[in-house]
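# Fold and geometry: a report
For reference, the chains in residue letters:
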Amino acid sequence: MTTTEQIPGYVTGTWDIDTVHSDIQFTVRHMGVGKSRGRFGSFQGEIVTAADPLQSSVTATIDTASIDTGNADRDAHVRNADFLDVEQFPTATFRSTGIRQDGEDFIIDGEFTLHGVTKPISLETELGGFTEDGLLGLSAKTVINRTDFGVGAPGGAMIGEKVTISLDIEAKLRS
């Protein structure tokens, strides 16, 4: 079991995700051979580090209209009712339900809501650490099946069903 002494510089408190120094990216297969990548430019979140690190929590909200794949036409298509339907579902959310240790890393279990559908997911998380001036860093990754959330048609040849989501997060200690 992890104790605060085993995490160098561990600080309890409430942290706000620094969106300038954080990134939410995704990767999905295209035509079965290549990969398409994108990111979300607008999001917010909070991390609460508890005295027992495994009792900590995370919440986050993503503005789905902020998708950026580097191609304006593709972005417009992904925003429409064929995929994200951002008018009806303007946000995606994550709320942690538990944290467990996995060697030196952690698994953050939680509920992810996308396209109006909530499913459990687990984020494989590497803690980057804490700074003396109130910064926390972490990286996390998960894979979801987009059709489990009602995003796009199942079995499409153009775009794969598995979507890898990668997070690089810096957060500032709330004063």
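Under an unreviewed UniProt entry, the name given to the protein is Polyisoprenoid-binding protein YceI, and the source organism is Saccharopolyspora hordei. Turning to the protein, the UniProt annotation filed under Sequence similarities (unreviewed entry) states: "Belongs to the UPF0312 family."

## Focus on the overall build of the protein
Helix and strand counts for the protein come out as one helix and eleven strands. Secondary structure elements in the protein, listed N-terminal to C-terminal, are β-β-β-β-β-β-α-β-β-β-β-β. Since a compact globule built from 175 residues should have a radius of gyration of about 16 Å, the 17 Å found for the protein is in line with a globular shape. Across its three principal axes, the protein shows a C-alpha extent of roughly 50 × 30 × 25 Å.

## A word on a negative patch on the surface
A cluster of like negative charges, contributed by Asp102, Glu104, Asp105, Glu124 and Glu126, occupies part of the molecular surface. Among the structural elements, Glu124 can be located in strand S9 (residues 117-130). By relative accessible area, which is 55% here, Glu124 ends up exposed.

## Looking at the pattern of salt bridges
Enumeration according to the criterion identifies five salt bridges in this entry. Across the pair Arg39 and Asp23 runs a salt bridge, and its minimum N-O distance is 2.9 Å. Linking Arg39 in strand S3 (residues 34-40) with Asp23 in strand S2 (residues 23-30), this pair joins segments that are 16 residues apart in sequence. Residue class for Arg39 comes out partly exposed when judged on its relative accessible area of 31%. For Arg100, the salt bridge identified is with Asp109, shortest N-O distance 2.7 Å. For Arg100, a relative accessible area of 42% corresponds to the partly exposed category. For Asp109, a relative accessible area of 18% corresponds to the buried category. Beyond isolated ion pairs, a larger network of salt bridges with shared partners links Asp16, Glu46 and Arg174.

## Topic: a positive patch on the surface
Judged by side-chain charge, Arg29, Lys35, Arg37 and Lys141 come together as a positively charged surface patch. Using a relative accessible area of 39% as the deciding quantity, one classes Arg29 as partly exposed.

## Observations regarding unusual backbone geometry
For Asp85, which is not glycine, the phi torsion reads 50° and is therefore positive. The backbone of His115 shows a phi angle near 60°, a positive value even though the residue is not glycine. Mapped onto the secondary structure, His115 falls in the loop between strand S8 (105-114) and S9.

## A few points about the nonpolar core
Side chains of a nonpolar character, in soluble globular proteins, are inclined to be buried together. Ranked by internal contacts, the top residues of the largest apolar core, which has 39 residues, are Ile47, Leu84, Phe112, Leu114 and Ile144. With five residues, strand S11 (residues 159-173) is the largest single contributor of residues to this core.

Rules behind the numbers
Residues numbered from 1 in each chain as written. Predicted model: local features only at pLDDT ≥ 70, side-chain atom pairs only at ≥ 80, totals over all residues. Heavy atoms only, no water. UniProt positions renumbered as here; feature names shortened; annotations may be inferred. Helix = DSSP H or I, 4+ residues; strand = E, 2+ residues; numbered from the N terminus. Rg over C-alpha atoms; globule rule 2.2 N^0.38 Å. Patch = residues over 30% accessible without salt bridge, like charges linked within 9 Å, V, L, I, M, F, W, Y side chains within 5 Å. Areas by Shrake-Rupley, 256 points an atom, 1.4 Å probe, with all protein chains shown as cover. Salt bridge = Lys/Arg side-chain N within 4 Å of Asp/Glu carboxyl O. Lys, Arg positive; Asp, Glu negative; His and termini not counted. Charge placed at Lys NZ, Arg CZ, Asp CG, Glu CD. Buried < 20%, exposed > 50% of the residue type's maximum accessible area, 1.4 Å probe, protein only. Core = buried A, V, L, I, M, F, W, Y, C linked by side-chain atoms within 4.5 Å.

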